[in-house]
Amino acid sequence: MDRLERDPGRLSPGRLSTAARGLRRHWIFVTLLVLAAALRGVVLAAYQPALIFPDSVRYLQYAHNFIDGRWSPDALRQSGYSVLIIPIAALHDLWLVPLTQHLAGLATAVLVYAVLIRFGTRTWLAALATIPVLFDPLQLVLEQYVLTDVWTLLLIVGALVLLVWRRDGLTVRAAALAGLLLGVAVMFRDQELIMIVPAALYVLLLRGRRLVRLAALTGCFLVPVAGYLGWFAAAHGVWNFTTFDGAFLYGRVADFADCQGLNLPAYERPLCPAEPPSQRIADFYTWDPQSPQWTFTPPAGTSRDAVVRDFSLRILRHQPGAYAEAVVRDFGYGFSAVRGAGPERYSPAYLQFQTTVRPDRQAYASIGKLGYAPPAIRAGPAAFLAAYGRWFYLPGPLFAAGLALALAGLVFGRGDRRALLLFTVSAVAVLLPPAMFATFDWRYQLPQLSLIPVAAVLGADAIGRKSSARLEGTSANL
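Residues numbered from 1 in each chain as written. Predicted model: local features only at pLDDT ≥ 70, side-chain atom pairs only at ≥ 80, totals over all residues. Heavy atoms only, no water.

## Examining the overall build of the protein
The following threshold applies: Only runs of H or I of at least four residues qualify as helices and only runs of E of at least two qualify as strands under DSSP, and these elements are numbered from the N terminus. Radius of gyration: C-alpha atoms only; globule rule: 2.2 Å multiplied by the number of residues to the exponent 0.38. Between buried and exposed lies partly exposed: a residue is buried under 20% and exposed over 50% of the maximum accessible area for its type, with that area taken using a 1.4 Å probe on protein chains only. The method behind every accessible area is Shrake-Rupley, applied with a 1.4 Å probe, and residues are considered shielded solely by the protein chains displayed. For the purpose of charge, His is not counted, nor are the chain termini; Lys and Arg are scored as positive and Asp and Glu as negative. Think of each charge as sitting on NZ of Lys, CZ of Arg, CG of Asp or CD of Glu.
Counting its secondary structure elements, the protein contains 25 helices and two strands. Computed over C-alpha atoms, the radius of gyration of the protein comes to 24 Å, within 12% of the 23 Å expected from 2.2 N^0.38 for 478 residues, which places it in the range of a compact globule. Each principal axis of the C-alpha atoms in the protein carries an extent, and together these give about 80 × 60 × 45 Å. Relative to its 478 residues, the protein shows a buried fraction of 49%. If you sum the accessible surface of the protein, you get close to 21,900 Å²; carbon and sulfur atoms cover 63% of it. Between the averaged position of the 43 positive side-chain charges in the protein and that of its 30 negative side-chain charges there is a distance of 9 Å.

## Notes on the nonpolar core
Worth spelling out the cut-off: The definition of a nonpolar core used throughout is a set of buried Ala, Val, Leu, Ile, Met, Phe, Trp, Tyr and Cys residues joined through side-chain atoms within 4.5 Å. Between two residues, a contact is recorded if the distance between any of their heavy atoms is within 4.5 Å.
The biggest cluster of nonpolar side chains holds 115 residues, and the ones touching the most others in it are Leu163 and Leu217. Per-element tally for this core: the top contributor is helix 11 (residues 149–164), with eleven residues. Aside from chain neighbours lying at most four places away, what touches leucine 163 is Leu170, Ala175, Ala178, Ala199, Tyr202, Val203, Leu217 and Leu422.

## Side note on the pattern of salt bridges
The criterion, for reference: Each reported salt bridge corresponds to a side-chain nitrogen of Lys or Arg within 4 Å of a carboxyl oxygen of Asp or Glu.
Under the defined criterion, the tally for this structure stands at 16 salt bridges. In this structure, arginine 252 engages glutamate 344 in a salt bridge whose closest nitrogen and oxygen atoms are separated by 2.8 Å. Placement of arginine 252 in helix 15 (residues 245–253) and of glutamate 344 in the loop between helix 19 (320–333) and helix 20 (361–369) is noted, with a sequence separation of 92 residues between them. Take arginine 252 and glutamate 344: they sit in the same class, and that class is buried. Here the salt bridges do not stand alone but share partners, grouping Asp55, Arg77, Asp149, Arg189, Glu192 and Arg443 into one network.

## Looking at the confidence of the model for the protein
Here is the rule: The predictor attaches a confidence to each residue, and that confidence, scored 0 to 100, is pLDDT.
The share of residues in the protein with pLDDT of 70 or more is 94%, and the mean pLDDT across the chain is 92. Considering only residues more than four positions removed or in separate chains, one finds that residues 1–5, a stretch of pLDDT under 50, has five contacts.

## Examining empty space enclosed by the protein
Spelled out, the test is: Cavity means a closed set of points on a 1 Å grid over the protein atoms alone, one where a 1.4 Å probe fits but cannot get out, pocket means an open set with protein on both sides within 12 Å along at least 5 of 7 lines, and lining means a residue has an atom within 4 Å of a point. Grid points are joined across faces, edges and corners, and a volume is the space filled by probe spheres set on the points. Under this grouping Gly is polar, as are all residues other than the nonpolar Ala, Val, Leu, Ile, Met, Phe, Trp, Tyr, Cys and Pro and the charged Asp, Glu, Lys and Arg.
The full count for this structure, using the stated rule, is three cavities of 30 Å³ or more. Within this model, the largest cavity holds a volume of roughly 100 Å³. Along its surface, the largest cavity is lined by Asp149, Thr152, Leu153, Ile156, Arg189, Glu192, Val430, Pro434, Arg443, Tyr444, Leu446 and Pro447. Residues that form the lining of the largest cavity fall into these classes: seven nonpolar, one polar and four charged.

## Structural notes on unusual backbone geometry
Here the bond from glutamine 48 into proline 49 is cis, since omega is -5 degrees, no more than 30 degrees from zero. Position of proline 49 relative to the elements: it lies in the loop between strand 1 (47–48) and helix 4 (54–67).

## Side note on the packing of aromatic side chains
Definition in use: To pair, rings of Phe, Tyr and Trp, with the six-membered ring standing in for Trp, must have centres within 6.5 Å; the planes then decide the type, stacked if under 30 degrees apart, edge-to-face if over 60, and tilted in the middle.
Tallied over the full model, the rule gives 26 aromatic pairs. Plain terms: the ring middles of tyrosine 250 and tyrosine 285 are 6.2 Å apart, the flat faces sit at 65 degrees to each other, and that makes the pair edge-to-face. Residue tyrosine 250 is located in helix 15, and its partner tyrosine 285 is located in helix 16 (residues 282–287); the two are separated by 35 residues in the primary sequence. With a relative accessible area of 1%, tyrosine 285 lands in the buried category. Here the aromatic rings of tyrosine 346 and tyrosine 350 are separated by 6.3 Å at their centres, their planes lie at 80 degrees, and the arrangement is edge-to-face. Members of the aromatic cluster, joined through ring pairs, are Tyr62, Phe66, Trp71, Tyr228, Trp231 and Phe241.

## Some points on the packing of helix 7 (residues 96–118) against helix 10 (residues 137–144)
In a pair of packed helices, the angle between the axes and the distance between the axes together describe the arrangement. Heads up, the condition is: To get an axis, a line is fitted to the C-alpha atoms, and for a helix only the part in contact is used. The angle between two axes follows their N-to-C directions and goes from 0 to 180 degrees.
Packing of helix 7 against helix 10 brings their axes to within 7 Å, and their N-to-C directions diverge by 145 degrees. Across the interface between the two elements, Pro98, Gln101, His102 and Gly105 of helix 7 pack against Gln139, Leu140, Leu142, Glu143 and Gln144 of helix 10. For the contact of helix 7 with helix 10, the class distribution of residues is three nonpolar, five polar and one charged.

## Here's the deal with the packing of helix 15 against helix 18 (residues 304–318)
Let me state the cut-off plainly: A crossing counts as left-handed when the near helix is turned anticlockwise from the far one by less than a right angle, and as right-handed when that turn is clockwise.
With their axes 8 Å apart at the nearest point, helix 15 and helix 18 run at an angle of 35 degrees to one another. Between helix 15 and helix 18 the crossing geometry is left-handed. Residue-level contacts link Asp245, Gly246, Ala247, Leu249, Tyr250 and Val253 of helix 15 to Asp305, Val308, Arg309, Phe311, Ser312, Leu313, Ile315 and Leu316 of helix 18. Residue composition of the contact of helix 15 with helix 18, grouped by class: nine nonpolar, two polar and three charged.

## With respect to the side chain of arginine 77
Among the structural elements, arginine 77 can be located in the loop between helix 4 and helix 5 (80–84). Here arginine 77 is in contact with Asp55, Arg58, Tyr59, Tyr228, Phe248 and Trp287, once residues within four sequence places are set aside.

## Comments concerning the side chain of glutamine 78
Cut-off, in case you're wondering: In the analysis that follows, any N or O atom pair within 3.5 Å is treated as a polar contact, provided that within protein one partner can donate a hydrogen and the other can accept it, and provided that, for residues neighboring in sequence, both atoms belong to side chains.
With respect to the secondary-structure elements, glutamine 78 resides in the loop between helix 4 and helix 5. Only 3.0 Å separates the side chain of glutamine 78 from the backbone nitrogen of aspartate 190, close enough to count as a polar contact. For glutamine 78, the side chain forms a polar contact with the main-chain oxygen of phenylalanine 241, separated by 3.2 Å.

## Observations concerning the environment of alanine 127
Among the structural elements, alanine 127 can be located in helix 8 (residues 123–129). Sequence separation of alanine 127 and glycine 208 is 81 residues, and the distance between their C-alpha atoms is 34 Å.

## Quick word on the environment of methionine 187
Tracing the backbone through its elements, the reader meets methionine 187 in helix 12 (residues 172–188). Other than its neighbours up to four places away in sequence, methionine 187 contacts Gln78, Ser79, Gly80, Pro224 and Tyr228.

## A word on the environment of valine 238
In this fold, valine 238 is placed in the loop between helix 14 (210–236) and helix 15. As for valine 238 and tyrosine 113, which are separated by 125 residues in sequence, their C-alpha atoms are 42 Å apart. Beyond its immediate sequence surroundings of up to four residues, valine 238 is in contact with Phe232, Ala233 and Thr243.

Rendered as structure tokens:
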């Protein structure tokens, strides 16, 4: 046997030929991937070592707490992300956080492309579907922040791809791994609990061994979820993901709350917003120290969050129509042509490439105590990115059209549409919890960039199959 063939560590001519054929076939996507990697290099160079949001501080603080052996989860944010970045925090090289997240963004694009190719999509169309996750400024800037969004999205997309990968049948092992990935995503953000619903629906639509697959999916989903809840209960005394449920919900209802005609306990009266609805800013009611929820006095023996939650639920029962309108408004705004401040007027400036960073002295002082430098900007790359962000982003109506195409494929398409259903329902479901329980923030729209393009292309394929079958039938009758 030839020495070259005996050495598995060396590339044989046959392997090189196969790789070359693969590159020729997928050259469009490979080109886009290289360009996207280069663009991410510019982002890394522009904002060093990483961009910092107030949430970033808590993630870093708790990562260091865990390194020091203080294993109590954060009461405000889920601590799964803090666990993930422990190795980077231990090395004390903050720039590694955005570097790994840029790689995670590229990996998400590879999954989008791979699953579409798996379903027979033409290479150019599959490559086109990756453009949002590869090049949209929202994706790029979030990869540079010390935030959970990029990893959460990779976990979700990875789970969905696992579920549909084997078109001849889902294995129990793949169902279990998909459930585990979705459960880990919940450890990063509890809003992702909803993602088990479309996954379970997909499994139930399969033929054969449905209950076994469903048990594997949900059982492995519950392992990290129940484990986290138990960890939280041991530290904080309640089975929950946070002790701030009421605070977040209050920010949601304060935008439209009207206490007129509502029978409230005297101690909840101060929670009624005093300003007219047109003058209210939800972010103030959620976080500002002067917000009613932080200035009122709860009854003895009652937690502040419990009272605020009770008040918020009273408002929801009192004004279900106003609440539904607010949810629909926020959901719809995610498809607007311009990425503005949203219905609750929450500035999107932090998600846009800037040539200067408005200093957050409190946040920078906090990370400074951990030994991290505040973000520094390099003028040249930052100026390029600011111009890029102004001129290149995918407008909301394009995603709305993609979602409509996916729905049309479900209704009018032909062939096996279970994967189409999974990605379409997931694209809608993942956007619902933010609209229902939080104020509008473009961060929450990140899944649009990956899930809707897959659903749209699968929808177009389903419609195309029906059109082809109709043409073949017409030709046969001639």
